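Here are the chains, one letter per residue:
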Amino acid sequence: MVLISWLKRSWLQALAHATGLLPLAWLIWDHLHGAFIVDPVREITTRTGRTALVLLVLSLACTPIHTLLGLKSVLRVRRGLGLYAFLYVALHFLTFAGLDYRFQWDLLGPAIFDQLYVLPGFAAGLILLVLAITSARGWQKRLGRNWKRLHRLVYLAGILAIVHFLWLVKDTGEPLRYGAIVALLLILRVPRVREAVSNVRR
Ligand code: HEM
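To start, this report covers the structure provided alongside it. (Residues numbered from 1 in each chain as written. Predicted model: local features only at pLDDT ≥ 70, side-chain atom pairs only at ≥ 80, totals over all residues.)

## Focus: the overall build of the protein
Counted only if it meets this: Each helix corresponds to a stretch of at least 4 residues labelled H or I by DSSP, and each strand to a stretch of at least 2 residues labelled E; elements are numbered beginning at the N terminus. Each radius of gyration reported is based on C-alpha atoms, and the globular scaling rule is 2.2 Å times the count of residues to the power 0.38. With C-beta atoms placed from the backbone, the exposure class of a residue follows from how many other C-beta atoms lie within 10 Å of its own: 20 or more, buried; 12 or fewer, exposed; in between, partly exposed. By the criterion used throughout, residues are in contact when their C-beta atoms, derived from the backbone, lie within 7 Å.
Helix and strand counts for the protein stand at eleven helices and zero strands. N-terminal to C-terminal, the α/β element order of the protein is α-α-α-α-α-α-α-α-α-α-α. Here the C-alpha radius of gyration of the protein, 18 Å, is about what a compact globule of 202 residues would show, namely 17 Å. Its C-alpha atoms give the protein principal-axis dimensions of roughly 55 × 45 × 40 Å. Across the 202 residues in the protein, those meeting the buried criterion constitute 22%. Considering only contacts in the protein between residues 6 or more positions apart, those separated by 24 or more positions represent 65%.

## Quick notes on the packing of helix α3 (residues 40-69) against helix α10 (residues 173-187)
To be explicit about the condition: Between N-to-C directions, angles span 0 to 180 degrees; the directions come from axes that are lines fitted to C-alpha atoms, helices contributing only their stretch in contact. Here is the rule for angles: anything less than 35 degrees is roughly parallel, anything more than 145 is roughly antiparallel, 65 through 115 is roughly perpendicular, and the remaining ranges are oblique. Two helices that cross are described as forming a left-handed crossing if the nearer one is turned anticlockwise from the farther one by less than a right angle, and a right-handed crossing if clockwise. As a working rule, the residues Ala, Val, Leu, Ile, Met, Phe, Trp, Tyr, Cys and Pro are called nonpolar, Asp, Glu, Lys and Arg charged, and the rest polar, with Gly in that last group.
Where α3 meets α10, the closest approach of the two axes is 10 Å, and the angle between their N-to-C directions is 25°. It follows from the interaxial angle that α3 and α10 lie roughly parallel. Relative to α10, α3 is oriented so that their crossing is left-handed. Counted together, Leu-53, Val-57, Leu-60, Ala-61 and Pro-64 of α3 and Tyr-178, Ile-181, Val-182 and Leu-185 of α10 form the full contact between these two elements. Looking at the contact of α3 with α10 residue by residue, the classes come out as nine nonpolar, no polar and no charged.

## As for the site of the ligand
For clarity, the cut-off: Using a C-beta atom placed from the backbone, a residue is scored as near a molecule or strand whenever that atom is within 6 Å of it.
Neighbouring residues of the ligand: 23 residues in total, closest Gly-49, Gly-121, Ala-124, Gly-125 and Ala-161. Contributing elements (two or more residues each) for the shell around the ligand: α3, α4 (75-100), α6 (118-133) and α9 (153-168). Ranked by residue count, the leading element in the shell around the ligand is α3, at eight residues. Taken together, the residues that form the shell around the ligand break down as 14 nonpolar, seven polar and two charged.

## Digging into the environment of Leu-91
Mapping Leu-91 onto the fold places it in helix α4. Through-space distance from the C-alpha of Leu-91 to that of Ala-52 is 9.4 Å; in sequence the pair is 39 residues apart.

## Details of the nonpolar core
Stated precisely, the cut-off is as follows: Core membership is restricted to buried Ala, Val, Leu, Ile, Met, Phe, Trp, Tyr and Cys residues, and these are joined into a nonpolar core through C-beta atoms within 7 Å.
Among the nonpolar cores identified, the biggest contains 30 residues, and Leu-55, Leu-56, Ala-85, Leu-128 and Ala-161 are the most heavily contacted of them. Mapped onto this core, the elements with two or more residues apiece are α3, α4, α6, α9 and α10. Looking at this core, the element that brings in the most residues is α4, giving ten residues. Aside from chain neighbours lying at most four places away, what touches Ala-161 is Leu-53, Leu-56, Gly-121 and Ala-124.

## Describing α9
For an α-helix, 3.6 residues make a turn, and residues three or four places apart therefore share a direction. Just so we agree on the cut-off: Expected span, for any helix, means 1.5 Å times one less than how many residues it has.
For α9, built from 16 residues, the straight-helix expectation of 22 Å at 1.5 Å per residue is met to within 8% by its first-to-last C-alpha distance of 23 Å. The complete set of buried residues in α9 reads Ala-157, Gly-158, Leu-160, Ala-161, Ile-162, His-164 and Phe-165. In this structure, the buried side of α9 is in contact with α3, α6 and α10.

## Observations regarding the packing of helix α2 (residues 11-32) against α4
One can describe the packing of α2 onto α4 by two numbers: an axis separation of 10 Å at closest approach and a directional angle of 10°. Accordingly, the angle class assigned to the pair α2 and α4 is roughly parallel. In contact with Leu-12, Gln-13, Ala-16 and Gly-20 of α2, α4 contributes Arg-76, Val-77, Gly-80, Leu-81 and Tyr-84. In the contact of α2 with α4, the residues fall into five nonpolar, three polar and one charged.

## Side note on the environment of Asp-30
Mapped onto the elements, Asp-30 comes out in helix α2. Setting aside its immediate chain neighbours within four residues, Asp-30 contacts Ala-35 and Phe-36.

This is how it looks when you write it as structure tokens:
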């Protein structure tokens, strides 16, 4: 009964948690059922990277969806989706550093800085780490106005992650589609466009 009334009130939050946790459950399930036989490290890196990107784009979409549709409740899931994106980035990095390079720091440095496609991903990961740490309320108060400025870097993280993806694959169709979505979301955040959209909606 309590669960049903919570679901009625907070269905969007429940959906956001499901979106964040199901890919991890699926990954663990596949691992336990021997789905990753040929190249498990590559498979896990690919899955965690893709999931991180999807969750990042979903969290970027929350504010524009609020502007377009006036749905206030989406703003409440924005932070959670961003933190889930960071969780998958952390798993992605740990797979790369731990499973692929066995945490051998002398090899990891060149692997990150000499392979051009890794560098933008690493930069995006560092930005998301800072944003995850400062997403707590205490940091919001401490940073005041600068908090919003800092958290706009999430768009830069999105762009860097797409460059990382674009650099990796032969078929650029998919990363370019993500790029188009992020570009559209950025346009919708331009104050004039945002105002015009809000006026039309009203
Ligand atoms: C934190 C530092 C990062 C490192 C060291 C890293 C490393 C890698 C590596 C080595 C691959 C290639 C896997 C392979 O095909 O063998 C990869 C793929 C990928 N990464 Fe990252 N990455 C990082 C950050 C990120 C971030 C922040 C995102 C997205 C938010 C991301 C998204 C992806 C995607 C989408 C792929 C391609 C998956 C595919 O081939 O379909 N990565 N990454």
